[in-house]
Amino acid sequence: MAARVGKSYAGPSTTHHQMTRTETLGVVGGGQLGRMLAEAAAPLGVEVVVLDPTPECPASPVARDQIVAEFDDEEGVQELAARADYLTYEIELADPDLLESVEREYDVPVNPDPETLRTIQDKLVQKRTLREAGIPVPEFRQVDDRADVAAAAEEFGYPVMLKAREGGYDGRGNVPIADETEVEDALASVSGGAMVEEFVAFEREVSVIGAKGDGETATFPLGENVHREEILRETVVPARTDEEVGERAREVAEDVLDLLSGRGVYGIELFETPEGEILVNEIAPRPHNSGHYTIEGALTSQFEQHARAVTGRPLGATDLRGPVVSANLLGDVEERQRAEISGDEAILAHPGASYHWYGKHEVYPLRKMGHLTLVRRDDETPERLLRDARDLRDEVTFE
Ligand code: ADP
C-alpha cells in the first residue's frame, strides 16, 4: 500500500491514499510541549515537523524532522508551511504576522488563529479583550511611568503586581510591589510596556484545559495548581474545592473558548478568590503545563486533543480516569550546566508513577526538565498522592 507523507508524495499509486495517508502537522516551537504533541499525534497518523532554533531540541528525537531556525525566521516558517498540511505553535514567541502570511501563501490552516496569538502575546490587550467580553479578571491599569504606577497602586491598595506586557513566562516579567518605595526599582526592571494589577489574595490557583474543535468545545476537569516562586510545582486533579467553584470555572472557560478564535487546546489559568469567585489570570493558546496530568489521567490527553483539534478531527472525551497528581522536575542547580539527572529510578520503581523526561541537554536554575504523574491505584487521598509525588520529585537531582 502506498503511504503518502505530507505533501511530498509523488508516487504512482494514489488509489488508496485516503486510507493510508499520513498527514503532517508543522509546529513552531520544539520544546517539551512539541515533544509530547509529536508523541500524541503519531497514533492518529499525524507526523510532526517542528521548527526550533536549538539543534536537538526536546521535540526533535520524536518528531519526523526539525527545521533549525528562529521562531520568526521567514524562510524557516515558509519551509515548515510548505511541508505541512496544518500549522500550529507551542510557544507564544511565534510570529502572528508571519503565520498569517504563510497561511495565505501556502494555503495551510494555522490554529489557533494568529489573531488570537497576537491578542494573547500582549498581557494588557489580552486582559482588555477578556474584560470587554464580560469575563471576570483582576483589576488592572496600563502604566507608562512612576505616576501611573503610584496612581494605580493608590486605587487598588498595596501590594500590587507590575507585569511586562510582553515576553514574560514562568513569572519572569512580573514584579510584586509592596509599597511606594519599590515603584522605581520595579519599573526599571521591566522592559517595554507594562501594566499594574491588583494583587489577588487568592484561595488557590486553578486551571481549565479547554479545547475548541470544529463547532464543538470540550473542557477537562478543574486542576489545582501549586506555585512557588511563580513557577508551577504540582497539579492536583480534581481540584480540592467546592463543586460550584468547579462549575463556575468551567463556565468561565467556556466563555473564554467562545471568545477566542481558532481550533486547538487552551490553558486557562484562574484564581479562586476566598469568596469562591473565579478570575482569569492568563490564557495560553496551546497545551499547558497544568494539563500534563491528562496524559495518564484523562481519557484523551491534552496533546492528542490539540492534534485532533488543529487537524480538524473530532475532539476526544475529557473524563478523568481517576484522581491524579503531576509534579514538575525543575533544575535544582546554582548555574547552567550539562544535565545529568539522578534519582529518577525512584519514579520508575513506584507503582502508578509515570516519568516524562524532556531530553534537555542543559540544566539551569528552575528550568523545567521533566515531570512525573501519579495516578490513584487504591484509595489514596489526594493529600497522599501529592505527598508521594513530592517525595518522588525530591529524589531527583541534577547536582
Ligand atoms: P507568567 O506569564 O510568567 O506565567 P503569570 O501572570 O501567570 O506569569 O503569573 C505567574 C504567577 O504569579 C501566577 O501563577 C501567580 O502565582 C502569580 N500572580 C500573577 N498575577 C498575580 C496577581 N495579580 N495577584 C497575585 N498573584 C499573581
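Structure first, text after, so check above.
Report on the accompanying structure. Since we're looking at a predicted model, the values are computed, not measured. (Residues numbered from 1 in each chain as written. Predicted model: local features only at pLDDT ≥ 70, side-chain atom pairs only at ≥ 80, totals over all residues. Heavy atoms only, no water.)

### Section: the environment of Lys360
Logical step 1: The residue Lys360 is located in the loop between β17 (353-357) and β18 (362-363) in this model.
Logical step 2: By relative accessible area, which is 10% here, Lys360 ends up buried.
Logical step 3: Linking Lys360 and Ala339, residues 21 residues apart in sequence, is a C-alpha distance of 7.0 Å.
Logical step 4: Once residues within four sequence positions are removed from consideration, Lys360 is found in contact with Gln32, Pro58, Ala339, Arg367, Lys368 and Met369. (Helix = DSSP H or I, 4+ residues; strand = E, 2+ residues; numbered from the N terminus. Buried < 20%, exposed > 50% of the residue type's maximum accessible area, 1.4 Å probe, protein only. Contact = heavy atoms within 4.5 Å.)

### Re the pattern of salt bridges
Logical step 1: Per the stated rule, a full pass over the model turns up 29 salt bridges.
Logical step 2: The salt bridge partner of Glu155 is Arg141, with a shortest N-O separation of 2.5 Å. Linking Glu155 in helix α7 (residues 146-156) with Arg141 in strand β5 (residues 140-143), this pair joins segments that are 14 residues apart in sequence.
Logical step 3: Between Glu304 and Arg308 there is a salt bridge, with its nearest N and O atoms 2.8 Å apart. Separated by four residues within a single helix, Glu304 and Arg308 lie in helix α11 (residues 302-310), roughly one turn from each other.
Logical step 4: Salt bridges here are not isolated pairs; linked through shared partners, they connect Asp97, Glu100, Glu115 and Arg118. (Salt bridge = Lys/Arg side-chain N within 4 Å of Asp/Glu carboxyl O.)

### With respect to the side chain of His292
Logical step 1: Inspection of the secondary structure puts His292 in the loop between β14 (278-284) and α10 (294-297).
Logical step 2: On the basis of relative accessible area, His292 is assigned to the buried category, the value being 2%.

### So, the layout of surface pockets
Logical step 1: Approximately 150 Å³ is the volume attributed to the second largest pocket.
Logical step 2: Taken together, Arg228, Arg233, Asn328, Leu329, Leu330, Gly331, Asp332, Leu366, Arg393, Asp394, Val396 and Phe398 form the lining of the second largest pocket.
Logical step 3: Every element with two or more residues in the lining of the second largest pocket is listed here: β15 (324-330) and α13 (382-395).
Logical step 4: Counting residues per element, the lining of the second largest pocket draws most heavily on β15, which supplies three residues.
Logical step 5: Grouping the constituent residues of the lining of the second largest pocket by class yields five nonpolar, two polar and five charged. (1 Å grid on protein atoms, 1.4 Å probe; cavity = no way out; pocket = protein on both sides within 12 Å on 5 of 7 lines; lining within 4 Å. Points joined across faces, edges and corners; volume = space filled by probe spheres on them. Nonpolar A, V, L, I, M, F, W, Y, C, P; charged D, E, K, R; others polar.)

### Things to note about the packing of helix α3 (residues 74-83) against helix α4 (residues 96-105)
Logical step 1: Contact pair α3 / α4: the axes reach a minimum separation of 10 Å and the direction vectors enclose 40 degrees. Considering their axes alone, α3 and α4 lie oblique with respect to each other. The hand of the α3/α4 crossing is right-handed. Contact residues: Glu74, Val77, Gln78 and Ala81 in α3; Leu98, Leu99, Val102 and Glu105 in α4. (Axes fitted to C-alpha atoms, helices over the stretch in contact; angles between N-to-C directions. Parallel < 35°, antiparallel > 145°, perpendicular 65-115°, else oblique. Left-handed = near helix turned anticlockwise from the far one by under 90°.)

### Let's talk about the sheet that holds strand β4 (residues 86-89)
Logical step 1: With parallel pairing, four strands are arranged side by side in an open sheet as β3-β2-β1-β4. A strand with exactly one partner marks an edge of an open sheet, and here the two such strands are β3 (65-68) and β4. Here the average twist between neighbouring strands, direction ignored, is 25 degrees.
Logical step 2: As judged from the six bridges shared by strand β1 (residues 23-28) and strand β2 (residues 46-52), these two strands associate in the parallel manner. (Pairing = 2+ DSSP bridges.)

### Thoughts on the nonpolar core
Logical step 1: Val256, Ile268, Leu270, Val280 and Ile283 are the most contacted members of the largest nonpolar core, which has 24 residues in total.
Logical step 2: Secondary structure elements with two or more residues in this core: α6 (123-132), β9 (204-212), α9 (243-259), β13 (264-272) and β14.
Logical step 3: Broken down by element, the residue count for this core peaks at six residues, all from α9.
Logical step 4: Apart from the residues within four sequence positions on either side, Ile283 is in contact with Glu92, Ile120, Gln126, Leu130, Val256, Leu260, Tyr266, Gly267 and Ile268. (Core = buried A, V, L, I, M, F, W, Y, C linked by side-chain atoms within 4.5 Å.)

### So, the packing of aromatic side chains
Logical step 1: All chains considered together, the criterion is met by two aromatic pairs.
Logical step 2: Summarising the aromatic geometry, the rings of Phe202 and Phe271 are spaced 5.1 Å apart at their centres and angled 5 degrees between planes, so their arrangement reads as stacked. Of this pair, Phe202 sits in the loop between β8 (194-198) and β9 while Phe271 is found in strand β13, placing the two residues 69 residues apart along the sequence.
Logical step 3: For Phe202, a relative accessible area of 34% translates into the label partly exposed.
Logical step 4: Arranged with centres 6.2 Å apart and planes meeting at 25 degrees, the rings of Trp357 and Phe398 form a pair that is stacked. Pair noted here: Trp357 is in strand β17 and Phe398 is in the segment after α13, with a separation of 41 residues, a long-range link.
Logical step 5: In this structure Trp357 comes out as partly exposed when scored by relative accessible area, which is 26%. (Phe/Tyr/Trp six-rings, centres within 6.5 Å; stacked < 30°, edge-to-face > 60°.)

As far as function goes, none of this settles anything; it's purely spatial.
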